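Spelled out, the chains give:
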Amino acid sequence: MWTFIHKLGSPKWCYSLCGRLQPGFWIAALLLIAVGSVWSLAYSPPDYQMGNSYRIIYVHVPSAILAQSVFVSMAIASAVFLIWKIKIADMAATVMAPFGAAMTFLGLFSGSLWGVPTWGTWWTWDARLTAMLIQLFLYIGVIALRGAYGRNDQGAKAVAVLTLVGVVNIPIIKYSVVWWNTLHQPATFTLTSRPAMPESMWMPLLIMVLGFYCFFTALTLYRLRNEIIRRESRTRWVQALAE
Amino acid sequence: MTRGALNQSRTDAVGAPSATVGLVGACAAQVRRELAVARRRGGEWLNPLIFLALVTMLFPLGISPQPDLLATIAPGLLWVAALLAMLLSLDALFRSDHADGSLEQMMLAPQPLAALCLAKVAVHWLLTGVPLALFAPLLGVMLSLPTAGSLTLIASLLLGSATLSLIGAIGAALTVGLPRGGVLLSLLILPLYIPVLIFGAGAVQAAVQGGFAGPALALLGAMLALALVGAPFAIAGALRISIHG
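Keep in mind the model is a prediction, meaning the values are calculated, not measured. (Residues numbered from 1 in each chain as written. Chains lettered and ligands numbered in written order. Predicted model: local features only at pLDDT ≥ 70, side-chain atom pairs only at ≥ 80, totals over all residues. Heavy atoms only, no water.)

Peer 1: What exactly am I supposed to notice about the interface of chain A and chain B here?
Peer 2: Often, the extent of an interface is quoted as the loss of accessible area on bringing the components together. Each side of the interface is counted separately: chain A has 18 residues, and chain B has 16 residues. For the pair chain A and chain B, the two sides together bury roughly 1,600 Å², of which 85% comes from carbon and sulfur. Ranking the residues of chain A by area buried against chain B places Ile134(A), Tyr149(A) and Gln154(A) at the top, with a combined share of 27%. Run the count over chain A and chain B and you get three residue pairs in polar contact (both at pLDDT 80 or more). Listing elements by their share of the side of chain A that touches chain B, those giving two or more residues are helix H5 (127-149) and helix H6 (153-166) of chain A. When residues in the side of chain A that touches chain B are grouped by element, the largest group, nine residues, is from H5(A). Split into classes, the residues belonging to the side of chain A that touches chain B amount to 14 nonpolar, three polar and one charged. (Contact = heavy atoms within 4.5 Å. Buried area = accessible area lost by both parts, 1.4 Å probe. Polar contact = N/O pair within 3.5 Å; in protein donor to acceptor, adjacent residues only side chain to side chain. Helix = DSSP H or I, 4+ residues; strand = E, 2+ residues; numbered from the N terminus. Nonpolar A, V, L, I, M, F, W, Y, C, P; charged D, E, K, R; others polar.)

Peer 1: Sorry if this is basic, but what is going on with unusual backbone geometry here?
Peer 2: Outside of glycine, negative phi angles account for most residues, and trans bonds account for most peptide bonds. Of note in this structure, Lys85(A) is not a glycine but carries a positive phi near 55°. Looking at the secondary structure, you find Lys85(A) in the loop between helix H3 (57-84) and helix H4 (87-119). By relative accessible area, Lys85(A) is classed as exposed at 53%. Of note, the phi angle at Ser144(B) is positive, near 50°, even though the residue is not glycine. Relative to the assigned elements, Ser144(B) resides in the loop between helix H7 (113-142) and helix H8 (150-175). Here Ser144(B) falls in the partly exposed class, since its relative accessible area comes to 30%. (Buried < 20%, exposed > 50% of the residue type's maximum accessible area, 1.4 Å probe, protein only.)

This is the structure:
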């Protein structure tokens, strides 16, 4: 176990491991998203109140869940980088940030499209929506700070500290629908109870969420490989790879 | 302020061999030094107040001078303007110390850097947050803010601006090594300022509408307590990164 973790810190070994894991995750992501999309768009029943417009949930919920998970992953990677000085962890945090920002934007955008038929407005200054908007700016801040420092060790540490500070927003987003009485509905999935919707509705949603996670993992592995090559371009094994 | 004068102030303040100075003594010396530097810089502490007055003046001219409308938006407006004034003052928090090497001396000191940072931030709050809090009710009168809100405005700004100083110092420490950190600093810090703004303006709003501002003020106090515990270590860590890489 420990040797495995220690090996993970080696760029060369991590590069080949990412290469080996990647196809499995791509296939899983493709299958899950394909099955989930067809099931959710064609076969699951329309909602008795919202009709067919509720189907936006199949994009909205996975992207919103990912928006938070990616930031937590970045925070964990940042902590690992600050404590054990493992460069791979910083590279992983680097490649995850733009994807997380994209997911946050997708969550906000799909939510605002959904808001028109159900709430009658594109945007409302509701606690969940505002917290999510703050999340988007935190992602942009992390990316901008990295950009300002360029690819060096100092910038990496600064970004890691900012990510760890920014993670305070995650519980605020998570519990915003509990603490405040908001327009946004409570969480769809909880670990402790069954969803309030029929199985034919939540099963495809669960499949979509898992599909988004697999897609995130596959994309991170793919981009991590690129990042390793870019940062280790002076080492002998990368140059041997290029020849 | 010349280099010589600053070195002089350092010798005045931290003249004794630092090994014999305790933690409290070092923090007191840090506070004395910051105050001495501020005194020699003259009227620089007035700039956030002038900024606050100017920004507040723009709104009646830009939106409408109607007293009813102004009274409605005054709590939020004063809070936003004070928050921006704090933000502007933060960019310079560590910059001159970084330029003249005092920051490195702080790191070399045997006392924990987090404690010295806390002393530095406390002086920043004393010279920025406190004057802003005391000055804001005056502008509130110009915006026809009901007098019932004045005391709450002072209290909420006193509590809130201390949190803003602490959080902002993390951002200032992270960007001190960058040549143009100003815009980046606002991008990093403003999202983290939002909770303070919500409860700060909320407290004043509640007081104006005849409600009870206690819960919002209590939450501001809770945020300050949290920031007091966590922020000094984040500031110290960020400064180490900015100086040593």
